[in-house]
Structure formats: C-alpha cells, structure tokens
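Structure at a glance
One letter stands for each residue in the lines below.
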Amino acid sequence: MRQRGDSRRPVRTTEKSYRPEIDGLRAVAVVSVLLFHLGLPAFSGGYAGVDVFFVISGYLITKNIHREIGAGTFTFRNFYLGRFRRLFPALLTTIAVTLLVGALLFAPTHLTKLAQSAVWSILPFSNYYFWTEAGYWDLGSILKPLLHIWSLSVEEQFYFVWPMLVFAFVRWRRSLPIVILLILFIAGSNCASIYYGVGRPLGFYWTTSRAFEFLIGAALIPVERYRAPRPALELLAVAGIFLIGWAVLTYDSTTAFPWDGAIYPCIGAALLIYVGSKPVISGFWNNRPMIWIGKFSYSLYLVHWPVIVFYAYWRGAALNGYEQAGVAATSIGLAFLLHHFVAQPLRYASVRLLPIGALTAATLLISGLAWHGQGWRWRHPAPIAEGMLPCEGGFGLCPGAAGVALIGDSHANQSVLMIAGILKKAGLSGTLYPAENNCALMRDAFPVKSLAKIPTDKCRAAQKLWRERIISENPAAVILASFWLPGISEDHEILEGRLVGSDTVRMPTLTESRARFASQMKETIDWLTSDGRKVVILGTSPYVEIPPSICYDRPEIFSRPDCSRNVMLEVETQAFVTNFFRTVSGGRSNVQYIDLTELLCKDGYCPLGENGISFYHDSHHLNYFGERWLMDRMGDKVTAFLRSGIAKPLSGSNSTQ
C-alpha cells in the first residue's frame, strides 16, 4: 500500500510555483499555429508557435529538475513517469481516434500513410518519418493528419537525454551549466545551419537541429536570478512580443528555418518568460481567456490539425471564412474535452499500465494491419483493370527490345501500359529505361534545392547513363515522358528548387532556370533527331489541387466531393512548358508533342475521372484507367507518327555526348 507522500504519485503544481502568464504564452503559441494551419494569410509564420513551445518546455523542465536536485527529491523514474502522464494518454487517444476516423474516410493510399505515421508517432520517431516523406509545406501535408506530431517526437527525444545532462552538470559543478549551455547552443545552431544547407526538411525535423531552442529556455535558469528594474522589464516585454509577432506575421515558406529564422521567436519567448507578469503589456497574454486556452494548449495542439485535415478531405476544397471559424471552434471544443476527461485525470492519477499498454498495443496492431493491408482496399472495391499488358507477342515494351526507348521519371513509369499499347498497334517494340524521380533527358540540367546536392544528384547521373545507352542501342524513336515542372516552377520550395548544371556556383533565378531548360531541352531534341531518329514528347499530366482519390477512391460512408471542377495548379509554369514544346516541335516532321493538359482539362478545370472511376492515383500521376482513356484519344495520332518514315540511325553514328 502506498503511503502518503509516496514519491511515485504526481504532485499538483502549487499556487506559489504556478505562473499563469506562461499559460498565456502557451496560448499565444497554439493560437498562432492554429491560425497558420487554418490558412489565414496574415499568420503565414504561425508555425513559429512551435518554437515558442520548445523554449517554454526547455525552461520549465530544466527549472523543475534543477529545483528537485537541490531539494534532494529528484529521481529519473519520477521524471520520466511524470512526462509519460503529462503527454502520452492524450497523445495515444488522439492517434487512436485519428486512425478510426481515417479508416472511415480515407482512400486506401492515404490510410496506408496514416497507419505508418501512427506507428512512428507512438514509438516516438515521427519527426524522422516525416523527414523521409517530404517537406512541411508540400501539397501532401494536408493529407497527413498526424504531421504535427513531429514536434512531440522532438520533445520526447529531448526529454530522454536532457535530464541526464542536467543531473551531471549540477552534481559536477554548479557553475558549469552556463558554459555547457553555451557550447550546446553553438553546436545546435551550427547543426541547424548545416542541415538547412544540405536540405531544408532535414534541418526542420531533426532533434539535433532543434536542441538550441530548448536550450534557450534552459539558459534562463541562471539568468533569472538577476532581476532587471521595472522600466527595463517593460522594454524587454515589448521586444519579446515584437519578435514573436514579427515571426508569426511575416515569416512564410521561404524563410530560412530553423536557422536562423527560429532564433528570433525563441529569444522573444525567453524574454517574455523572464519578465513574467510585471510589465503592463503582459496583460495582452496574461489574462483569463488566454490563460484558459493555455491550460489546455497541449490538447488543442493535438486535435486541431486532424480536425482541419479531415474536414478539408471530406469537403474537397479550401475552407472559406465560416468554415475556418467552425473548424477552430470545433478544435477548441474537442481539445477541452480531451483535456478534462483524459489529459488532466490521468496526469494526476496512478498510472494503470495494463489498460494503457493494451490500448497502445491495439493501436499499433491496427496501424500495422492497415499498413500491411495497403489501406484496406476492401473498404472500396476498385474496378478490375484488364486488357493491357506491357509486352505481347514481342510487341510493346519488352525486355531487351531496342527499337523505341521510353525515357523519363515517374511519369514514364505511369505511361508504360499506354505506350505499350501504342507500340503494339504500330507493330513496334521498345523498352523502358530506368526512371529517375523529377528528371528529364537533358544534357547537364537537373533540379536541386541546394547547391550542396549537385555532386551527388541522381538525376545528373541518370542523364549521363541515358545518353550512353542511346548511343549504344540506337533506338529508332525516343519517347520522353517526365514531370516537366520541377526546377522551373514559381513555387520552387515544393517543386524541387531550381534547374542547375554541374558548373553552377549560385542558385539561379526562375528566369535563368527556364533559360537553361529551353536551351538544354532544344539541344537534346536536336541531338536525338540529328540522324533521323523520331521523338515523341508527352506533356505533363495536369497537376491538380485536389487529389482525385478524395473523390473516387474513398469509402462511401461519408459523401464525396465533386472533382469535376478540380482546379489545375502551376498554370503559368504549365503554359511555359506547353508553349516551349509547341514551338520547338512546330514545323518538324520528326518531333511530335502530345499536350495531355489539352486532352484532360478545359478552361483550367480538370475533371479527372469518368463514370465514378478516377484517372489518377495522386495529384499528377495517371493510373491504369487514365492511361487507357488517353490511349483511346491520342493513340492513333502517335501510332501514325511512329509508323511513318522511321529511319533507323546507323550504329555508332551519333557518338558525341
């Protein structure tokens, strides 16, 4: 039987140690994140609210550990058990409910990704999982209801290491922490800077590049012993709220983050923690409504993003003002319930490991089954694809055939059955060259997001191998099929940066990237056709706002949105590509350009399906039915082009690279 005062039971924060203004600061952070995720343009930098949370966490955790060590009551067991009570029950509940709703609403592809993220969020290594997936600002983020859990994984990883270091610092020499904090801050900031140079998602998600934010909060412990006079506190408070507000209202997806963008809101948060409730201006966040929100800010952070994702997924369109307000109110209501019925009761109660362990095991099991079962496709039986094979009777796309070469990236892979059908109809055979993501056949022109990636870029290597194979095999025709937008898009953060070459010494502008695309693409077409070879260029299948699977592939438990008015993205970039290919192929009998946008869209709208069947499996990749639909509409044109007057190049005649 436990005795009164047993250290294994959690103790409520006393009124003397409780600082309500910190809850107000939590409210500033979570509201900033909420408004950013709702898509309000004025809060384009609201994601910096996460960094405010990191500073608060670093301060409170370090202060509590330091105080308990001084009082002789600190134990690692109590610390980790306290963190478990504080974070895990609400987190597990959120993941379990999100998985349940996803199973009712999501298409198989999206449920598979949700199941994967659920596993990594529980473990907890979701920050590394999402790092491998894509960037925080990419279009696919709206399909990831657990994306925001990356920050919880970062916190939990920090909590695992930091108490051991603090314990060692305090026991070794009390004056040492300041020096160690400074060293770790410099190391952490350098990590963030280096990772940002290598690749932004790496710096954004990795704990090592975020550690300095927690350490800014920890560094307040020795500093707060020295209290500034009242006028100085007022100035520091103004500076703190300005730094946070400046980040929240002016940052966007192009801001260098976390280094050095995160440093400013982090310093702002540290200043507001330091000044406390004394400055007059603190009334803006140290008031009853803000403190009330701050008390369940953790629960609000957990629930708001799944609510936004699920509503947008069900709605199939961007949220309007009324919907944004409704989603915000719903998030607050659900967060209040989660806080009062799960987070608070279990935080101040004895931990019952059996039910929590059972729920954890069940959630992991269900996630694993959904992951392994490819999103439980039985929930929405798809039509069976029949009647097309890559190779039949030696015609089509056959292993070892060298008459026609299909070259490109994932858009070449998505066109295999369509091209195979066209070749069979023309009585020809060819082969698919190994594809490389976001890559097109050009001489030394490939998209990157940072210059550091140039030496090891896979597209650069693939372009060289493709050319060597063309020289070796001398195909009579080459079909180019790529996602032509990366590197030349205005939205360079999403679409692979800028187009560069091996000799590039600075990141080019959009105009320079497009000039390289035009010159190197023209050089490639001239090189391919110089000995009588024919070239077919497949345009990009339209890049659309709403993934068609939202409209066609998800269960019918809830109604589906109408995708007949699906808006095409990157319209200006697509127009540039289309105009270039039309110009370069115009008047040439040996070059044919097939504009897929013209076939699939009208006036900027792209109905990406027919009779309840989608042509796509994501925002710009065709599925079997899309290939079949396009082949029926442009196959004869390509067949006639390939049949007419193919002159086989002499072996080895095209020897320059």
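The residue numbering used here restarts from 1 in each chain and proceeds along that chain's sequence as written. Totals for whole chains, interfaces and linings use every residue, but because this is a predicted model, local features are given only for residues with pLDDT of at least 70 and side-chain atom pairs only at 80 or more, for both listing and counting. Side-chain numbers here rest on the full set of heavy atoms in the structure, without hydrogens or water.

Counting its secondary structure elements, the protein chain contains 24 helices and 11 strands. A fraction of 80% describes how many contacts in the protein chain between residues 6 or more apart in sequence connect residues 24 or more apart. Under the convention used here, a 1.4 Å probe and the Shrake-Rupley method define accessible areas, while residue burial counts only the protein chains that appear. Total accessible area computed for the protein chain in this model is approximately 28,500 Å², and 63% of it derives from carbon and sulfur atoms. Numbering of helices and strands runs from the N terminus, with a helix taken as a DSSP run of H or I at least four residues long and a strand as a DSSP run of E at least two residues long. Contacts between residues were defined by any pair of non-hydrogen atoms, one from each residue, lying within 4.5 Å.

What follows deals with the sheet that holds strand β6 (residues 477–481). At least two DSSP bridges between two strands are required for those strands to pair. Here we have seven strands laid out as an open sheet, ordered β1-β2-β4-β3-β6-β8-β9, and mixed in their pairing. Every other strand in the sheet has two partners, leaving β1 (391–392) and β9 (591–594) as the edge strands with one partner each. Bridge count between strand β2 (residues 395–397) and strand β4 (residues 429–432): two bridges; the pairing is parallel. Within the sheet, the bridge partner assigned to G396 lies in β4 and is S429. Angles shown run from 0 to 180 degrees and are taken between the N-to-C directions of axes, each axis being a line fitted to C-alpha atoms and, for helices, limited to the stretch in contact. Where helix α22 (residues 571–585) meets the sheet, it contacts β8 (534–538) and β9, and its direction lies at approximately 155° from that of β9. Sheet contacts for helix α24 (residues 624–643): β6, β8 and β9; angle to β9, the most-contacted strand, approximately 170°.

Bringing the pattern of salt bridges into the picture now. Where charged atoms of side chains with opposite charge meet at close range, the side chains can pair. One speaks of a salt bridge when a side-chain nitrogen belonging to Lys or Arg is within 4 Å of a carboxyl oxygen belonging to Asp or Glu. By the definition in use, this model includes 20 salt bridges. The closest approach of N and O atoms between E512 and R506, which form a salt bridge, is 2.7 Å. The buried label applies to any residue whose accessible area, calculated with a 1.4 Å probe on protein chains only, is under 20% of its type's maximum; exposed applies above 50%, and partly exposed to all values in between. Taking the relative accessible area as the measure of exposure, E512 reaches 33% and is therefore partly exposed. Residue classification places R506 among the partly exposed positions, given a relative accessible area of 47%. Salt-bridge contacts for K522 lead to D526; the nearest nitrogen and oxygen are separated by 2.9 Å.

Values of pLDDT, ranging from 0 to 100, describe the predictor's confidence in every residue of the model. Confidence in the prediction for the protein chain averages 85 pLDDT; 87% of positions are at 70 or higher. For the protein chain, helix α7 (residues 176–198) is the element with the lowest average pLDDT, namely 56, and helix α1 (residues 20–37) is the one with the highest, namely 97. Counted against residues more than four places away or in other chains, residues 1–16, with its pLDDT under 50, gives 18 contacts.

What follows is about helix α16 (residues 353–372). When the terminal C-alpha atoms of α16 are compared, their 28 Å separation across 20 residues agrees well with the 28 Å that a helix rising 1.5 Å per residue should span. Tucked into the core, α16 has its buried residues touching α3 (76–105) and α4 (108–122). Trailing α16 by a residue or two, Q374 shows a phi angle of about 55°, which is positive. What a helix is expected to span follows from its residue count: subtract one and scale by 1.5 Å.

Here, patches come from residues exposed beyond 30% relative accessible area and free of salt bridges, joined within 9 Å for like charges and within 5 Å for nonpolar side chains (Val, Leu, Ile, Met, Phe, Trp, Tyr). Taken together, the side chains of L100, L104, W314, I557 and F558 present a nonpolar region at the surface, about 470 Å² in accessible area. Its location among the elements puts I557 in the loop between α21 (549–552) and α22.

Attention now moves to the side chain of E155. You can see E155 is positioned in helix α6 (residues 150–172). For the buried residue E155, which engages in no salt bridge, the nearest side chain bearing the opposite charge is R83, 5.6 Å off. Once you skip the residues sitting within four places of it in the chain, E155 turns out to touch F54, S57 and F214. The charge count includes Lys and Arg as positive and Asp and Glu as negative, but it does not include His or the ends of the chains.

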